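Commentary on secondary and tertiary structure
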Protein chains: 2
Amino acid sequence: MIKRYFPILTWGRDYTRATLEADLVAAIIVTIMLIPQSLAYALLAGLPAEVGLYASIAPLLIYTLLGTSRALAVGPVAVASLMTAAAVGEIAAKGTPEYLGAAIALAFLSGAMLLAMGLLRLGFIASFLSHPVISGFISASGILIAASQIKHLLGVSAGGKTLPDILSGLAAHLTEINLPTVVIAIFATGFLFWSRKGLKPVLEARGVKPRLAALLVRTAPVVAVIVTIVVTWALGLQEHGVKVVGAVPQGLPVPSLPPFDLALWGQLAMPALLISIVGYVETISVAQTLAAKRRQRIDPDQELVALGGANLSSALSGGFPVTGGFARSVVNFDAGAETPAAGAFTAIGMALATLLLTPALYYLPQATLAATIVVAVLTLVDLGAIRRTFSYSPGDAAAMVVTILVTLTMGVETGISAGVGLSILLHLWRSSRPHYAVMGQVPGTEHFRNERRHRVVLAPEVLSIRVDESLWFPNARFLEDTIYGHVAADPAIRHVVLNCPAVNFIDTSALEALEAVNAQLKDAGVRLHLSEVKGPVMDRLVRSDLLTHLGGQVWLTHFDALSALAPELTRETLGQARCETAR
Amino acid sequence: MIKRYFPILTWGRDYTRATLEADLVAAIIVTIMLIPQSLAYALLAGLPAEVGLYASIAPLLIYTLLGTSRALAVGPVAVASLMTAAAVGEIAAKGTPEYLGAAIALAFLSGAMLLAMGLLRLGFIASFLSHPVISGFISASGILIAASQIKHLLGVSAGGKTLPDILSGLAAHLTEINLPTVVIAIFATGFLFWSRKGLKPVLEARGVKPRLAALLVRTAPVVAVIVTIVVTWALGLQEHGVKVVGAVPQGLPVPSLPPFDLALWGQLAMPALLISIVGYVETISVAQTLAAKRRQRIDPDQELVALGGANLSSALSGGFPVTGGFARSVVNFDAGAETPAAGAFTAIGMALATLLLTPALYYLPQATLAATIVVAVLTLVDLGAIRRTFSYSPGDAAAMVVTILVTLTMGVETGISAGVGLSILLHLWRSSRPHYAVMGQVPGTEHFRNERRHRVVLAPEVLSIRVDESLWFPNARFLEDTIYGHVAADPAIRHVVLNCPAVNFIDTSALEALEAVNAQLKDAGVRLHLSEVKGPVMDRLVRSDLLTHLGGQVWLTHFDALSALAPELTRETLGQARCETAR
């Protein structure tokens, strides 16, 4: 039991010197990658730079204790930071203590929700988000985030939470562009884009091994950070209007409680739920992908617990919502991380950075951080997915497009809510019309097949229907409609046999539909039968009234039913293949 | 096309003298039943008495033109009236012109929504309501309605929209009880309850035929109305504090437009949608039940159009939301109505009543109408359904109990919304964990069965999995979890064969899950295969990338797959039954 909730007790036992070395190397690479990212995502969330650092210490330690993924790297990520900015911006003005307090409360609330869902084993809630919706949402968020950073790249002050607002805000402030800022932005963005593809060959040409070169590429943002800090400091650019990060408090975060304010928590409940679900879906996807590559297992419910603990610890140490980052986890995995201990070592690295490097960050231009964000999030945008999805399923593509458009024009919360609603609507629509077949007997056999697809023989007085799905409320009415329709269309019918090999479940709605069908058919002189009902379904049916009132019978096989209800027919078609019956 | 939207063109052709006589008899009975009901439900909705009469004229005529059910009787009903009171009460004070205007706007909006859903063929939206939720909601509404009428039975003025509010309101006004009102209430309630069971034997003893006696029982409310009017008038009881209906405008409704006020419509949109869906579910249930008894068909989408038209016409003639009434339709059916023309004749009857009888209604005590309501709605309350549902499905029973409790304590809108949410949650939870089986070969055959239930032979390097459900987003993650779990647990596995005879559909989420599984398994040295993919599913899959990247193959039968991937095994188990292979 304790081992289930503390996976460290399992993997910690086999910890060796070799594992330690592998984890340490991965931790160093991830720390170098995480320093600029944690600052940048704090900026994106509208929070002071140190909040990003704080959110990269305690949560990583807690995930080491609770997490089941060997390679997942938690911390601030782009989409959750955007969602934080959107939620907290509704409540307080950026830069105020209330804004910071609300962000901390959001992390606390989200952590509590994730923890509760994990303990109640509610991981299935992540199923509410279909892939097209989450993909559309991430693409739209990427576009929104990139657009929101343009102001930092130009050195102007503009606002807006939707794409039209952001763009019109920029247009209104175009005259205020700060030239030195733009130069830094062009350098940083250009270098970062180039480094993605151009840096690796350069390193390899100098004798760096390909695998190491691929990892070093990921540390390029730190190079941009160092260069622009030095340039800004040397040329005194902050006096020429280049906005810098400024004074960052030196030292570790002080443990503290989030503001306990019921009204605030009420306002934050919905955003916290959405951040939790989106963050969990992202986390679980990357964790599962990386685990499967090495034939390892993760426990989705325990991941909820771990992510919940990480967020609670983030809140208690003055941080904001965190989640498992995709790019960061892949780097951790590629760098050879073998256990969650790599996360703990990264946390130590981040703590050292918070203690020692913060004075150096004073001259870090915000434009550099914005460039880091833009280059990182543009990889999230995948509009080609619309075309690919469309060619497979136009309905799913429509859900994706609506999610993108609503997110861009009405903001992240409305966007993800609309997407969830659409996913469920589409699912219910599809569930409400299951595949079914009117069956006839394949001549000379005991088999029955769809009369539309096979040459079969039908018994005039018997309607054989096979529904290829479990029976539950979305298709309960469909079931009634279908049976009544066939019976009304053919006055010869005296028996309806529902063939149930594909029915894994009958819920109360479908049970009542069957009871109604049975009663109505009785009044109309028709008997309802069931055939090939599965064991678990039958176990439940005997607890209901259906079987006592059933006009017909429950048959073990469909052939048994037809043999009894239309003996001439089955004998005749079987006669065509006497050798079979002789067996 | 025209015939589809105007079913009268079909049944009108075969209209005979005999049909006319049958419809006329039914119309007379229904009219006598409808007069007190229409007045009572207007009272329940907090509207003037004549609004109930207006809502029983035009909607019935329009349904005759558009409806596909031969026996459905539309008009004001209890639950929709309660929902109207709840929605409109949020916007204006009872008795004001704004209150009436909002009720009319609600009927208009609901009619427009129903019509749009019908034209777009969105009848599946009714599937959102599972039977346990609708049953719980109707029971709770019945209790709320009965409780809300107690004040009229006692002659006190009290308010409240939730059960605790209503009861505490009554307690606060208990001293104001009006004795003559209570006497009338006791007589009316007692007589109506007695008439349900006691009147039929009395009539039969006097030589009335059983069928006619059963119908005459339904006209008992009119007797109560006449007796209490005469008593109130003769004794001048209204001067002793008995509240009466008072002056009701004589004459037919004047066509008019509902108030066009965007803010008002915005406030009414959600209630209108809920009333539409609840009303439609009630309508379609009773229409389908009655049609099936005579092997007739109804068209669920056209019923949306008809109900939409009926509500629009109600609004345009100064009425409030209407729907198909259960008791009334059953009486119509039992009285022999053969076509929707019976509804048109009922409308004529109601128009005559509006023209001629309204002066007589002046002395009608409100307590009599309240008694009619209480006796009618208590038949809606079926708390025994909780126990029955629990024994079949505790989950569904929980959804029912929550719907009842939320409706009683937080009102009808919150109640039905919570119910819908719970239904969907339960459905997604069930969809998210489909039944699946690891299969082995039945020795000596080409058949494969669940290894847990049958004595089968497994191939050590091949994992055979059959998922007994369509693959879509609620179970996409389950699919990944399951496959990864089995592969991680058994290092010998080199092939995974997904057996798909039960898969009717693969949505984009499940497709991407399969692509991810394929890629991850490839990295781990395992090949993914598919077997027995259905035709329509295969047609879609060829439009995706899955098949090009598939590590394994797509096999026509599962036996083909195993013959190729584990030839020793299949040969060996087949060898045990050489006579079979010799066939």
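Keep in mind the model is a prediction, meaning the values are calculated, not measured.

Moving on to the domain arrangement of chain A. One frequent convention defines the size of an interface as the accessible area lost when the parts assemble. Assigned domains of chain A: these are domain 1 (17-125 + 175-378) and domain 2 (436-582). A straight line from the C-alpha centre of domain 1 of chain A to that of domain 2 of chain A covers 59 Å.

Okay, the confidence of the model for chain A next. Residues and elements named next belong to chain A. Per-residue pLDDT for chain A has a mean of 89; in total, 98% of the residues score no lower than 70. Every residue in residues 577-583 is under pLDDT 50, and counting partners more than four places away or in other chains gives five contacts. Across the interface, the model reports ipTM at 0.80; the global pTM reads 0.80.

Here the focus is the interface of chain A and chain B. Listed by partner, the interface residues are 58 residues for chain A and 57 residues for chain B. Among the secondary structure elements, those contributing two or more residues to the side of chain A that touches chain B are helix H8 (131-154), helix H13 (262-293), helix H18 (384-392), helix H20 (412-432), helix H21 (473-489) and helix H22 (508-523) of chain A. Counting residues per element, the side of chain A that touches chain B draws most heavily on H21 of chain A, at ten residues. Looking at side-chain class alone, the side of chain A that touches chain B contains 23 nonpolar, 20 polar and 15 charged residues.

Attention now moves to the pairing of strand E3 (residues 436-441) of chain A. Residue and element names in this part refer to chain A. Sheet topology places E3 next to strand E5 (residues 462-467); three bridges connect them, and they run antiparallel. Across the sheet, Ala437 pairs through a bridge with Arg466, a residue of E5. When E3 meets strand E4 (residues 448-450), the two strands line up antiparallel, connected through three bridges. By the bridge assignment for E4, Met439 is matched with Asn450. Hairpin connection of E3 to E4: six residues between the antiparallel strands, including Gly444 at a positive phi of 80°.

On to the relation of the copies chain A and chain B. Superposing chain A onto chain B requires a rotation of 180° together with a translation of 0.0 Å along the rotation axis, leaving an RMSD of 0.1 Å. The two molecules are tied by a two-fold rotation axis, judged by turn and shift.

Residue and element names in this part refer to chain A. The strand order E4-E3-E5-E6-E7-E8 describes an open sheet built from six strands, whose pairing is mixed. Two strands bound the open sheet, and with one partner strand each, they are E4 and strand E8 (554-555). Bridge count for E5 against strand E6 (residues 495-499) is five bridges, and the pairing is parallel. Across the sheet, residue Ile465 finds its bridge partner in E6, namely Leu498. Across the sheet, H21 touches E3, E5 and E6, and the angle it forms with E5 is around 155°.

Definitions and limits used
- Residues numbered from 1 in each chain as written.
- Chains lettered and ligands numbered in written order.
- Predicted model: local features only at pLDDT ≥ 70, side-chain atom pairs only at ≥ 80, totals over all residues.
- Domains from an automatic or database assignment.
- pLDDT = per-residue confidence, 0-100.
- Contact = placed C-beta atoms within 7 Å.
- Helix = DSSP H or I, 4+ residues; strand = E, 2+ residues; numbered from the N terminus.
- Nonpolar A, V, L, I, M, F, W, Y, C, P; charged D, E, K, R; others polar.
- Pairing = 2+ DSSP bridges.
- Least-squares fit on C-alpha atoms with pLDDT ≥ 70 in both.
- Axes fitted to C-alpha atoms, helices over the stretch in contact; angles between N-to-C directions.

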